[in-house]
Amino acid sequence: MKRTRRVVAGVLIIFSLSFLQGCWSRKEIEDLAVVTMIGLDRITEQGVDKWRYTARIMQPKAGQGGQGGNQQSNGAPQGGKELLLTGTGLTMQEAARNTGLRSPRYIFMSFVSTIVVGERAAREGVSEIAEIRGRYRDFRPRTYIAVTNGEAFDVLQSCPEVSDTLYEEIEGLADHKAERIGVACSMDWNYFVQNLLGPDRDAVAPRITTVQPKEDPANGVRQAAFLQGNAVFRGDKLAGWLNEEETLGYILAVGDLNNAIIPITLVEGDKRVAYLVGRFRSTIEPVVGAGKVSFRLKVKTWGEVDETHNIRVNDDSLQWVEAAAADKIRGVVLKAIDKTKELNADVIGFSQELHRTNLEAWGDYRPAWRDNFRKAEIEVEVECKVTRTGRLGKGEAFKD
Amino acid sequence: MFKQLLKKFMGFGGKKGSGQGRASQPQEKRPLSANIDKNLQALRETFDLCGDVIFREFKLNAEPPIRAFVTYVGTLCDEERAGEHVMKALMHETTALPANVRLTQGSALEIVQNRLVTLTELNTSSDLLEVTKHMVNGKLALVIDGSATAIIAGVPGWENRAIEEPDSEPSVRGPRDGFVENLTTNLATIRRRVKTSRLKVENIEVGVLSKQTVSVLYIKGIASDKIVAEVKERIKRIKVDNIIDSGLLQEFIMDEEITVFPLIQTTERPDKTAASLLEGRVALIVDTTPMTLLVPATFITFLQAAEDSYNEAFYATFIRLLRFVALNIALLLPALYIAITTYHQEMLPAKLLNSIAEARSGVPFPAFVEAILMELTFELLREAGTRLPKNVGQAVSTVGGLVIGQAAVQAGVVSSAMVVVVALTAVASFTIPNISASFSIRILRFSLMILAAIMGAPGIMLGLMFILFHLCGLRSFGVPYLSPFAPLSPSDLKDTFIRVPWWAMITRPRLFGAKEPVRQETDNGPVKPGEGGGSS
């Protein structure tokens, strides 16, 4: 009896909770403004420096479910268009609020796939941007981050080419494609911030850039965005860019990839051969000498040589390919190291490796770690393996 | 609290089991008289205005002729058999009696019993009320002048439904017979499966106004004596007018007063009943009811179909797991839909979010109202389908579902995503083999939907926690409802989510078959030719 009474009382209390106003966080799905990409810029408006906040918002097509008249015959959702909203303000909060001025819906950040940072904002410092996670409780730490050489606003104005929406396209590139083909690194917010906070490494982010596609003018895409190159930070400020070759060097130097498709072009006389890197590992080994730290970077790659009509692969040429590829990759990696030294930012993680393996040496190294890194000798050893030769069983016998 | 309410609104007084309710009527004995006219008069008065009761007076062929009469309820007896074995015997066979046997008023009763009536089911009674009781049970009463004892002969002959495949528990593999409304037929179908004298059938009569026979079946030595005693005790405790169906009995003998879960298993299948008996459970068959009660029932028995035992072990295991998934879908899917679309949108993949938002963009109601609307519509259709005649019912539910679903989406009342959810829920709930279990799932689904609408996923968790607490507290005839999971008996898990091959089902369920725990030899497994076997 007593138990029943208690249960009934409990049920009544829980039920009466539902009549309380104000503490419901219930939101209907169609009342959400689902932000898919954010662009952040620093601009000067009438002589005042301001933040510009740009958001691409998912725009579900109306009437898929209701209004029988205009129902699609095939029934499949068509992938709604996206809406671009922008706002400016003296602080980021003000800018964000102004972005939502014309949208009656609740700004929902869980589906932000990429944050695009404008070049000026990046040069002035990204620490405020990095705090975005604290600003929005529904923000995901796995959001990708990219820096553009220009204004993020322009990047967000791009059109999707392959996918239905821009965010899917950029997300797909950042997810696996760009790094696999060796054109840009992949960086999510979480790792980026870890590098900003860590005492031993500088942050890097892919460069997002726009292009006017020439291939098919009829499809109406006036501007597309893609990832190419890396942005190097020193502290929280953009220090400079890695070009195409240096980016490849960076990827090979830090990398640990199993499913890469990176062609390394080898030239001898009039022969051109592509060594296709499929898998690579790199290890950094700090060498602590008398008061001096140097590093040894070992890169090991496994790849294949596709048969081409101007080279028949045999034992001799295989050795040549392996040696030439190692030489070439060493050059590329060295270029990347030189550039980071020039930018005075240890993005490859030499100092971090020292910190991780030799705490004693790190103590001396730490006070001027960027300088120490710049001064350190770095030896690069590359070993290339050809795991197989081509996919054609037997080369075609073309006549001369 | 409920007891207080019951007291107030239903005039229920007195303590449980004290027998002080108004339903119990005192019954005195009324002995028969030696005078046939008095007996006839008394019986005619008893069956006053009963048009189906037949009285037939005649004289026994003796010197002097002895007056006698037979009486029976015409609709319950086989007139042909009554004529053949009783009337013909009494009127014609008397001449064929041996010379040394003399039919007089004093010896008539004994002679009729031993030499004349050729029926196996024959009793005597000297109490008018008892005679009456036998008559309404389809017996024939023969009263002879000069004797205060009536002869009761069984010539049952009412119409019965033929044995058919059970509608509520059809199966592809396995026997097709189901219980019918006749107790003896039902007992026969079980006897034919369990051919041992250890199968005991104890008849208990329940009901004050009209006695209904309840047969308690168990296998002596396997079923726990405690449980059998408890079952009988609980049935005997019932003081009620009449038991129309086993459903009534079920509510009287349950362990818990108020619960949405069925604490007693019902089945229409004799094979399932027989299998349960062999596991050490007790079966209750109520006359005129095709639904047999099986006790004790545990939660997992409601997810087991008879067919699981007949199909291959792997397939049966797969189906069991599928059914468990279906149970979760049936219970949780609408609630999860509400919780996710209104509280936890981040849990959806972006594309799905987009298409749900698209589907919902024209819908004027919140997801909760939408879900409740659709679920109620579905329940209405299901109920309509059940109530309508069989042929119409199916058409109504199918067409109604399609039309209403389609039209509601087109009219923008509900979204197509919701229709998918409701349809999936419905399909999933049909996979639960036991109807009463699916009723409880349906009720709980609505409560969980409300909780999800108020509190989102934490609400669902809260609801599930309460359900779990409740389930943990339930017992069916002393056996914990969640066994063999809680309390855990690892060896009994062999017939729960998985179904091990039959040669590995060595022991009976621990909690109700412990008296004779070993079901079979341990080395019963299949043996390849030439490998061991035989001699060992």
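Reading guide: rules and limits
Residues numbered from 1 in each chain as written. Chains lettered and ligands numbered in written order. Predicted model: local features only at pLDDT ≥ 70, side-chain atom pairs only at ≥ 80, totals over all residues. Helix = DSSP H or I, 4+ residues; strand = E, 2+ residues; numbered from the N terminus. Rg over C-alpha atoms; globule rule 2.2 N^0.38 Å. Contact = placed C-beta atoms within 7 Å. Buried ≥ 20, exposed ≤ 12 C-beta atoms within 10 Å, placed from the backbone. Pairing = 2+ DSSP bridges. Axes fitted to C-alpha atoms, helices over the stretch in contact; angles between N-to-C directions. Parallel < 35°, antiparallel > 145°, perpendicular 65-115°, else oblique. Left-handed = near helix turned anticlockwise from the far one by under 90°. Domains from an automatic or database assignment. pLDDT = per-residue confidence, 0-100. Nonpolar A, V, L, I, M, F, W, Y, C, P; charged D, E, K, R; others polar. Expected span 1.5 Å × (residues − 1). Arc of directions from axis to C-beta. Core = buried A, V, L, I, M, F, W, Y, C linked by C-beta atoms within 7 Å.

### Re the overall build of chain B
Counting its regular elements, chain B contains 17 helices and 12 strands. At 30 Å, chain B has a C-alpha radius of gyration far larger than the 24 Å of a compact globule built from 536 residues. Expressed as lengths along the three principal axes of its C-alpha atoms, the size of chain B is roughly 105 × 70 × 45 Å. The contacts of chain B with a sequence gap of at least 6 include a subset with a gap of at least 24, amounting to 67%.

### Regarding the overall build of chain A
Within chain A one finds 13 helices and 14 strands. Looking at chain A as a whole, 39% of its 400 residues are labelled buried. For chain A, long-range pairs separated by at least 24 residues make up 71% of all intrachain contacts whose partners lie at least 6 apart in sequence.

### Topic: the pairing of strand 1 (residues 53-60) of chain B
Residues and elements named next belong to chain B. Sheet topology places strand 1 next to strand 2 (residues 66-73); 8 bridges connect them, and they run antiparallel. Its bridge partner being in strand 2, Leu-60 is matched across the sheet by Ile-66. Linking two consecutive strands that pair antiparallel, namely strand 1 and strand 2, is a turn of 5 residues.

### Comments concerning the packing of helix 11 (residues 313-342) of chain B against helix 15 (residues 416-430) of chain B
Residue and element names in this part refer to chain B. For the pair helix 11 and helix 15, interaxial distance at closest approach is 7 Å and the crossing angle is 160 degrees. Our classification of the angle between helix 11 and helix 15 gives roughly antiparallel. Where helix 11 crosses over helix 15, the handedness of that crossing is left-handed. Judged by residue contacts, Ala-326, Ile-329, Ala-330, Leu-333, Pro-334 and Tyr-337 of helix 11 engage Val-421, Leu-424, Thr-425, Ala-428 and Ser-429 from helix 15.

### Focus: the domain arrangement of chain A
All names here are of chain A. For chain A, the domain assignment lists domain 1 (30-61 + 78-242) and domain 2 (243-393). On a C-alpha basis, the centroid separation for the pair domain 1 and domain 2 is 30 Å. Contact with domain 1, which involves 22 residues of that partner, is made by 25 residues of domain 2. Those elements giving two or more residues to the side of domain 1 that touches domain 2 turn out to be helix 7 (166-180), strand 8 (224-234) and strand 9 (237-242). In terms of residues, the side of domain 1 that touches domain 2 owes the most to one element, strand 8, which gives 6 residues.

### Describing the confidence of the model for chain A
All names here are of chain A. Considering every residue of chain A, the mean pLDDT works out to 85; 89% of them sit at 70 or more. Per-residue pLDDT, averaged within each element of chain A, yields its smallest value for helix 5 (residues 132-135) (80) and its largest for strand 6 (residues 144-148) (95). Across residues 63-80, where pLDDT falls below 50, the model places 39 contacts with residues more than four positions away in sequence or in other chains.

### Section: the domain arrangement of chain B
When the domains of chain B are assigned, the result is domain 1 (36-154), domain 2 (183-297) and domain 3 (312-480). Look at where the C-alpha atoms of domain 1 of chain B and domain 3 of chain B centre, and you get two points 63 Å apart.

### Remarks on the packing of helix 13 (residues 367-387) of chain B against helix 15 of chain B
Packed helices, taken two at a time, are described by their axes: the angle between them and the distance between them. Residues and elements named next belong to chain B. One can describe the packing of helix 13 onto helix 15 by two numbers: an axis separation of 10 Å at closest approach and a directional angle of 45 degrees. Between helix 13 and helix 15, the angle falls in the class oblique. The chirality of how helix 13 crosses helix 15 is right-handed. Of the residues in helix 15, those touching helix 13 at Glu-370, Ala-371, Met-374, Glu-375 and Phe-378 are Met-418, Val-419, Val-422 and Ala-426. Looking at the contact of helix 13 with helix 15 residue by residue, the classes come out as 7 nonpolar, no polar and 2 charged.

### Observations regarding helix 13 of chain B
Residue and element names in this part refer to chain B. In this model helix 13 runs 30 Å from its N-terminal to its C-terminal C-alpha over 21 residues, within 8% of the 30 Å that 1.5 Å per residue would give. Buried within helix 13 we find Ala-367, Phe-368, Glu-370, Ala-371, Met-374, Glu-375, Phe-378 and Leu-381. Take helix 13 and look down its axis: the buried residues cluster within an arc of 165 degrees, on one side only. Opposite the buried face of helix 13, at more than 90 degrees from it, the exposed residues are Leu-376, Glu-383 and Arg-387.

### So, the sheet that holds strand 3 (residues 122-125) of chain B
All names here are of chain B. Strand order in the open sheet formed by 5 strands is 1-2-4-5-3, with antiparallel pairing between adjacent strands. Edge strands, defined here as strands with exactly one partner in the open sheet, are strand 1 and strand 3. Mean inter-strand twist for the sheet, computed between neighbouring axes without regard to direction, equals 25 degrees. Packed on one face of the sheet, helix 2 (residues 36-46) meets strand 1, strand 2 and strand 4 (139-144) and runs near 15 degrees to strand 2. Across the sheet, helix 3 (residues 79-91) lies against strand 1, strand 2, strand 4 and strand 5 (150-154), angled at about 10 degrees from strand 4, the strand it touches most.

### Digging into unusual backbone geometry
The step from Ser-483 of chain B to Pro-484 of chain B runs through a cis peptide bond, and the omega angle for that step is 10 degrees. The step from Ala-486 of chain B to Pro-487 of chain B runs through a cis peptide bond, and the omega angle for that step is 0 degrees. A positive phi angle, near 60 degrees, is found at Asn-344 of chain A, a position not held by glycine. Turning to its location among the elements, Asn-344 of chain A is positioned in the loop between helix 10 (315-343) and helix 11 (350-357). Non-glycine residue Leu-49 of chain B carries a positive phi angle of around 65 degrees. You can see Leu-49 of chain B is positioned in the loop between helix 2 and strand 1.

### Digging into helix 16 (residues 435-455) of chain B
Between its first and last C-alpha, helix 16 of chain B extends 30 Å over 21 residues, near the 30 Å set by a 1.5 Å rise per residue. On the buried face of helix 16 of chain B, the contacting elements are helix 1 (2-17) of chain A together with helix 11, helix 13, helix 15 and helix 17 (457-473) of chain B.

### A short note on the confidence of the model for chain B
All names here are of chain B. This prediction gives chain B a mean pLDDT of 86; 93% of its residues lie at or above 70. No element of chain B has a lower mean pLDDT than helix 1 (residues 2-10), at 60, and none a higher one than strand 9 (residues 282-286), at 95. Note that residues 17-24 has pLDDT below 50 and, in this model, 12 contacts with residues that lie over four places away or in other chains. Under the prediction, the complex receives an ipTM of 0.80, its pTM being 0.84.

### Topic: the nonpolar core
Counting 192 residues, the largest nonpolar core has Val-117, Tyr-275, Ile-329 and Val-333 of chain A together with Val-282 and Ile-338 of chain B as its most contacted members. With 11 residues, helix 11 of chain B is the single largest residue contributor to this core. Excluding residues that lie within four positions of it along the chain, Ile-329 of chain A makes contacts with Leu-252, Ile-264, Val-299, Thr-301, Val-382 and Cys-384 of chain A. Core analysis: the next-biggest nonpolar cluster, separate from the first, contains 28 residues, Tyr-72, Leu-140, Leu-142 and Val-155 of chain B among them.

### Some remarks on the sheet that holds strand 8 (residues 265-267) of chain B
Residue and element names in this part refer to chain B. The 5 strands are arranged 6-7-9-10-8 in an open sheet whose pairing can be described as antiparallel. Edge strands, defined here as strands with exactly one partner in the open sheet, are strand 6 (199-206) and strand 8. For this sheet the average axis-to-axis angle between neighbouring strands, irrespective of direction, equals 25 degrees. Two strands pair when backbone bridges link them, and strand 8 and strand 10 (residues 292-295) are joined in this way by 3 bridges, in the antiparallel orientation. Each bridged residue has a counterpart across the sheet, and for Thr-266 the counterpart in strand 10 is Leu-293. The sheet strands contacting helix 6 (residues 183-191) are strand 6, strand 7 (212-219) and strand 9, and the helix crosses strand 7 at an angle near 5 degrees.

### Considerations on the environment of Pro-517 of chain B
All names here are of chain B. For Pro-517, the position within the fold is in the segment after strand 12 (479-480). What makes Pro-517 partly exposed here is the crowd of 14 C-beta atoms within 10 Å. Between the alpha carbons of Pro-517 and Glu-79 there is a distance of 50 Å; along the sequence they are 438 residues apart. Setting aside residues up to four positions removed in sequence, Pro-517 forms contacts with Thr-507 and Arg-508.

### Examining the environment of Ser-127 of chain A
Residues and elements named next belong to chain A. Note that Ser-127 resides in helix 4 (residues 127-130). Residue Ser-127 is classed as partly exposed on the basis of its C-beta count, with 13 C-beta atoms lying within 10 Å. As for Ser-127 and Leu-197, which are separated by 70 residues in sequence, their C-alpha atoms are 9.6 Å apart. Other than its neighbours up to four places away in sequence, Ser-127 contacts Leu-196 and Asp-236.

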